[in-house]
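Remarks on the overall topology
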Amino acid sequence: MALADNNGGAQGRAPLPKWLTGTVKTLGSIAVTMLGLVFITFIIGRVMPIDPVLAIVGERATKASYDAVYLQLGLDKPLIVQFFYYVRDVAQGNFGMSLLNARPVAEDIARVFPATLELASLGVIFGVVLGVPLGVVAAVRKGSWIDQVARVLALVGYSMPIFWLGLMGLLVFYGMLGWVGGPGRVGIFYEDVVPTVTGMLLVDSIIDGNWTVFKDAFSHIILPASLLGYYSLAYISRMTRSFMLEQLSAEYITTARVKGMSEWDVVWKHAFRNIRVQLITVIALSYAGLLEGSVLTEIIFSWPGIGSYITTALLAADMNAVLGGTVVVGLIFILLNIASDLLYKVFDPRAR
Amino acid sequence: MTEQTLRQWLLTDTPTSRRHAKLSALYQGWLSFSGNTMAMAGLWILLALLGIALFAPIIAPHDPFVQDLGNRLAPLGTPGHIFGTDSLGRDILSRLIYGSRITLYIVALVALIAPIVGLLVGTVSGYVGGWVDVVLMRITDIFLAFPRLVLALAFVAALGAGIENAVLAISLTAWPPYARIARAETLTIRSADYIAAIQLQGAGAMRIITRHIWPLCISSLIVRVTLDMAGIILAAAGLGFLGLGAQPPSPEWGAMISGGRRFILDHWWVATMPGLAIFTVSLAFNLLGDGLRDVLDPKGEK
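Everything numeric in this text was worked out from a predicted model, so none of it was measured.

Let us look at the domain arrangement of chain A. Interfaces are often sized by the amount of accessible area the parts lose when they come together. All names here are of chain A. As assigned here, chain A comprises domain 1 (19-91) and domain 2 (105-351). One C-alpha centre belongs to domain 1, the other to domain 2; they are set 33 Å apart. Between domain 1 and domain 2, the residue contacts involve 11 residues of the former and 10 residues of the latter. Both sides together, the interface formed by domain 1 and domain 2 hides about 950 Å², and carbon and sulfur atoms give 92% of it. Sorting the residues of domain 1 by area buried against domain 2 places Met34, Leu37 and Thr41 first, and these three jointly supply 44% of that buried surface. At the junction of domain 1 and domain 2, the tally comes to 0 salt bridges. Where domain 1 packs against domain 2, one counts 0 residue pairs in polar contact (both at pLDDT 80 or more).

Turning our attention to the interface of chain B and chain A. Contact with chain B, which involves 43 residues of that partner, is made by 43 residues of chain A. Of the roughly 3,800 Å² buried between chain B and chain A, counting both surfaces, carbon and sulfur atoms make up 80%. Across the chain B-chain A interface, the total number found is 0 salt bridges. For the pair chain B and chain A, the interface holds 6 residue pairs in polar contact (both at pLDDT 80 or more). Among the elements of the structure, helix H6 (130-145), helix H7 (148-159), helix H10 (205-241), helix H11 (253-261) and helix H12 (269-296) of chain B are those that each provide at least two residues to the side of chain B that touches chain A. Here the side of chain B that touches chain A gets 11 residues from one element, more than from any other, and that element is H12(B). When its residues are assigned to classes, the side of chain B that touches chain A shows 31 nonpolar, 5 polar and 7 charged.

Moving on, we come to the packing of aromatic side chains. Applying the stated criterion to the full structure yields 14 aromatic pairs over all chains. For the pair Phe214(A) and Phe218(A), a centre-to-centre distance of 6.3 Å together with 15° between the ring planes defines the contact as stacked. Of this pair, Phe214(A) and Phe218(A) both sit in helix H10 (residues 211-248), 4 residues apart, which is roughly one turn of that helix. On the basis of relative accessible area, Phe218(A) is assigned to the partly exposed category, the value being 35%. Aromatic side chains Trp30(B) and Phe33(B) sit 6.0 Å apart centroid to centroid with 35° between the ring planes, which places their arrangement in the tilted category. Remark: Phe33(B) and Trp30(B) occur in helix H2 (residues 18-34); sequence separation between them is 3 residues, near one turn of the helix.

The next thing to look at is the UniProt feature "transmembrane region" (unreviewed entry) in chain B. All names here are of chain B. The positions UniProt marks with the feature "transmembrane region" (unreviewed entry) are residues 38-60, 102-129, 149-175, 221-247 and 267-289. For the annotated span residues 38-60, helix accounts for 91% and strand for 0% of the residues, and the straight-line distance between the end C-alpha atoms is 28 Å. Within the segment residues 102-129, helix and strand shares are 96% and 0% respectively, and the terminal C-alpha atoms sit 40 Å apart.

Moving on, we get to helix H13 (residues 306-315) of chain A. Counting buried positions along H13(A) yields 8 of 10 residues, so the element is predominantly enclosed. When H13(A) is considered as a whole, its buried residues turn out to be Ile306(A), Gly307(A), Ser308(A), Tyr309(A), Ile310(A), Thr311(A), Ala313(A) and Leu314(A). Where H13(A) is buried, its residues touch helix H6 (105-140), helix H12 (263-300) and helix H14 (319-347) of chain A together with H7 of chain B.

Among the surface-exposed residues, Val172(A), Phe173(A), Met176(A), Leu177(A), Trp179(A), Leu76(B) and Trp268(B) lie close enough to one another that they form a single nonpolar patch of about 670 Å² accessible area. Following the sequence through the fold, Leu76(B) ends up in the loop between helix H4 (56-59) and helix H5 (92-128).

Residue and element names in this part refer to chain B. Per-residue confidence for chain B gives a mean pLDDT of 85; residues scoring 70 or more make up 97%. Taken element by element, the predicted model of chain B shows its lowest mean pLDDT in helix H1 (residues 3-10) (75) and its highest in H5 (91). If you check the scores for this complex, the pTM reads 0.84 and the ipTM reads 0.83.

Turning our attention to unusual backbone geometry. Most peptide bonds adopt trans geometry, and most residues besides glycine take a negative phi value. Of the consecutive residues Pro248(B) and Pro249(B), the connecting peptide bond is found in the cis state with omega at 10°. Considering the arrangement of structural elements, one finds Pro249(B) in the loop between H10 and H11. Phi is positive for Ser302(A), close to 45°, though the residue is something other than glycine.

Before going further, it helps to spend a moment on H11(B). Side chains that are three or four residues apart share a direction in an α-helix, a result of its 3.6 residues per turn. When we look at burial in H11(B), the residues that qualify are Trp253(B), Gly254(B), Ala255(B), Met256(B), Ile257(B) and Gly260(B). Buried residues along H11(B) sit in contact with helix H8 (162-176) of chain A together with helix H3 (37-54), H5, H10 and H12 of chain B. A distance of 3.0 Å separates the backbone nitrogen of Gly254(B) from a side-chain oxygen at the start of H11(B), and that oxygen is part of Glu252(B).

This part takes up the UniProt feature "domain: ABC transmembrane type-1" (unreviewed entry) in chain B. The UniProt record marks residues 100-289 of chain B with the feature "domain: ABC transmembrane type-1" (unreviewed entry), using the residue numbering of this structure. Secondary structure content for residues 100-289 of chain B is 84% helix and 0% strand, while the C-alpha to C-alpha distance between its ends is 20 Å.

Moving on, we get to the UniProt feature "transmembrane region" (unreviewed entry) in chain A. According to UniProt, the "transmembrane region" (unreviewed entry) feature falls on residues 26-47, 119-140, 152-177, 217-236, 279-301 and 321-344 of chain A. Helix makes up 96% of residues 279-301 of chain A and strand 0%, and the two end C-alpha atoms of the span are 30 Å apart.

Our next topic: the pattern of salt bridges. Residues and elements named next belong to chain B. The final tally for this structure, using the stated rule, is 14 salt bridges over all chains. Measuring nitrogen to oxygen at the nearest pair gives 3.6 Å for the salt bridge that ties Asp86 to Arg95. A salt bridge links Arg183 to Asp133; the nearest nitrogen and oxygen atoms lie 2.8 Å apart. Within this pair, whereas Arg183 is found in helix H8 (residues 163-190), its partner Asp133 is found in helix H6, the two being separated by 50 residues in sequence.

As a further point, take the side chain of Ser220(B). Residues and elements named next belong to chain B. Position of Ser220 among the secondary structure elements: in helix H10. Residue classification places Ser220 among the buried positions, given a relative accessible area of 14%. For Ser220, the contacting residues outside a window of four places in its chain are Ile181 and Glu185.

Residue and element names in this part refer to chain A. Running from amino to carboxyl end, H8 crosses H10 at an angle of 140°, the nearest separation of the two axes being 10 Å. Taken together, the axes of H8 and H10 lie oblique to each other. Taken as a pair, H8 and H10 cross one another with a handedness that is right-handed. The segment H8 lies against H10, with Ile162, Leu165, Gly166, Gly169, Leu170 and Phe173 engaging Leu223, Leu227, Leu228, Tyr230 and Tyr231. For the contact of H8 with H10, the residue count by class is 9 nonpolar, 2 polar and no charged.

Definitions and cut-offs
- Residues numbered from 1 in each chain as written.
- Chains lettered and ligands numbered in written order.
- Predicted model: local features only at pLDDT ≥ 70, side-chain atom pairs only at ≥ 80, totals over all residues.
- Heavy atoms only, no water.
- Domains from an automatic or database assignment.
- Contact = heavy atoms within 4.5 Å.
- Buried area = accessible area lost by both parts, 1.4 Å probe.
- Salt bridge = Lys/Arg side-chain N within 4 Å of Asp/Glu carboxyl O.
- Polar contact = N/O pair within 3.5 Å; in protein donor to acceptor, adjacent residues only side chain to side chain.
- Helix = DSSP H or I, 4+ residues; strand = E, 2+ residues; numbered from the N terminus.
- Nonpolar A, V, L, I, M, F, W, Y, C, P; charged D, E, K, R; others polar.
- Phe/Tyr/Trp six-rings, centres within 6.5 Å; stacked < 30°, edge-to-face > 60°.
- Buried < 20%, exposed > 50% of the residue type's maximum accessible area, 1.4 Å probe, protein only.
- UniProt positions renumbered as here; feature names shortened; annotations may be inferred.
- Patch = residues over 30% accessible without salt bridge, like charges linked within 9 Å, V, L, I, M, F, W, Y side chains within 5 Å.
- Areas by Shrake-Rupley, 256 points an atom, 1.4 Å probe, with all protein chains shown as cover.
- pLDDT = per-residue confidence, 0-100.
- Axes fitted to C-alpha atoms, helices over the stretch in contact; angles between N-to-C directions.
- Parallel < 35°, antiparallel > 145°, perpendicular 65-115°, else oblique.
- Left-handed = near helix turned anticlockwise from the far one by under 90°.

In structure tokens:
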């Protein structure tokens with residue numbers, strides 16, 4: 001290994017340390033991916049049949065004001081220059097103005113995003129807390145009824161439209177049984193009662209010490225969060241199961257059993273410890289998946305998050321808002337992927 | 001030839017010709033597939049769906065577009081309308097039957113476009129290598145980095161709502177995994193001796209890719225496509241539900257759910273029935289995909 005490195009720096013310069021080139025490479029590929037993402041949204045915005053100038057000045061604007069806005073938006077410049085401006089704006093967190101409410105899109109997104117974050121986080125917590133033990137048990141007792149239940153749960157989760165299951169949930173648990181709050185984040189009487197700190201209502205009501213609001217908000221979030229949790233459970237339990245099966249068939253497990261170690265210790269102290277790293281990746285991915293799954297869920301539950309925001313904007317042809325939302329969700333997606341890669345490196349000595 | 005001897009002919013250890021060997025392999029694959037009850041259930045459901053779609057005008061008891069405002073929101077089990085009627089008095093069963101055509105149409109198109117694009121990108125990338133590989137895989141990564149539904153939403157927003165655009169949007173978001181698989185397969189095939197032999201015989205890159213690499217990538221792609229079909233159906237239904245797929249009055253299942261959503265608390269069947277249809281079909285595809293994976297790709301998860 002050392003020899004190979006020396007050959008690499010044959011021109012007399014000391015070879016760069018491996019971690020440095022590795023980091024530069026990673027950062028480079030992240031930058032390219034992000035640039036590509038912004039490029040795609042830029043192209044989508046350009047092929048749109050909507051005239052961005054008309055959308056601002058209106059149908060009956062004079063030629064002079066039309067031209068003024070045309071120049072102001074930089075539409076006279078070559079496409080590559082326009083793209084450069086767009087990247088510059090996005091890098092500064094400027095996604096333009098929303099055509100619907102004439103406010104900066106970035107502000108809107110910052111306002112709605114905590115609602116999505118709250119929903120997806122609670123969903124992933126459900127998914128992990130239930131999905132990981134289910135997957136482990138399904139692997140340990142392969143072929144048992146628990147394994148079958150886990151399999152069916154996953155299969156149904158992969159096959160059911162999330163928006164439909166959400167509607168059915170509303171019908172049964174809200175309409176028929178009245179166990180949970182209806183659509184929306186909180187009952188109408190409790191709106192704007194607690195001061196906004198994080199934008200996540202559950203957290204804010206705890207900070208404020210207002211337990212009435214907390215209870216009401218919880219009764220509203222429980223159904224959509226369980227719904228998202230179910231989908232992440234389907235994925236997490238399947239992956240946990242296959243990781244565990246791989247470990248349980250390894251020789252060190254046989255050794256541990258031969259030594260007379262209790263089955264509990266074999267499973268949790270040996271096998272499970274070795275899948276933690278892979279699990280982190282899976283959980284990060286399912287978290288990213290939930291951000292996406294929340295688009296349809298939010299619509300069903302009138303949840304004022306980024307999914308509702310993008311769709312409302314879409315139906316109103318508010319392109320800045322759509323593209324801004326798409327870029328933000330895409331960037332978070334990428335960041336979560338990177339985060340899971342990094343965690344992998346931190347926790348798994350073999351990956352270093 | 002009696003059936004018994006045909007069976008023996010198919011199961012022989014000593015095939016007499018290339019065709020014989022191929023048929024024999026196919027038959028053994030079929031035997032192991034048909035032993036899988038779940039996969040067979042999936043296959044039967046899909047065959048039934050195909051039949052329903054083909055003979056929709058004969059099977060459907062009513063015209064799916066004819067409104068009967070005097071008979072709005074008739075409940076389940078109403079004589080003449082087993083699944084009830086929707087908010088415009090249209091027979092839900094007939095709409096479901098005609099809707100199967102739209103679902104199959106979307107699935108078939110996406111299942112053609114996405115794997116072919118992925119196969120092209122992946123094999124070229126893997127075989128040519130060098131900077132072509134770097135560029136193509138970067139592009140693939142960028143598309144993979146997008147959340148699929150959100151990207152599809154943005155595409156449909158740009159292209160305009162409609163079935164064809166929904167198909168295009170879903171395909172555009174669905175091809176990257178196929179490209180990854182095809183590239184991985186190509187990389188292992190590329191260094192095989194038989195490829196070197198063909199190269200020495202003077203075969204060009206084009207010929208090697210299309211005649212000698214593609215056929216070997218197909219089986220893993222087919223498995224992946226079948227497993228993806230459920231996802232495609234769900235994505236199409238999602239777009240329809242958002243009003244971005246098939247446009248009214250077309251009886252697309254996702255759009256039907258969206259239409260029934262407003263009455264969900266009082267007239268639950270309007271949204272429930274199309275959802276059950278979507279669920280059944282995507283479940284069938286998942287079962288079929290699992291079964292095919294066991295037959296075609298023995299390396300895969302059991």
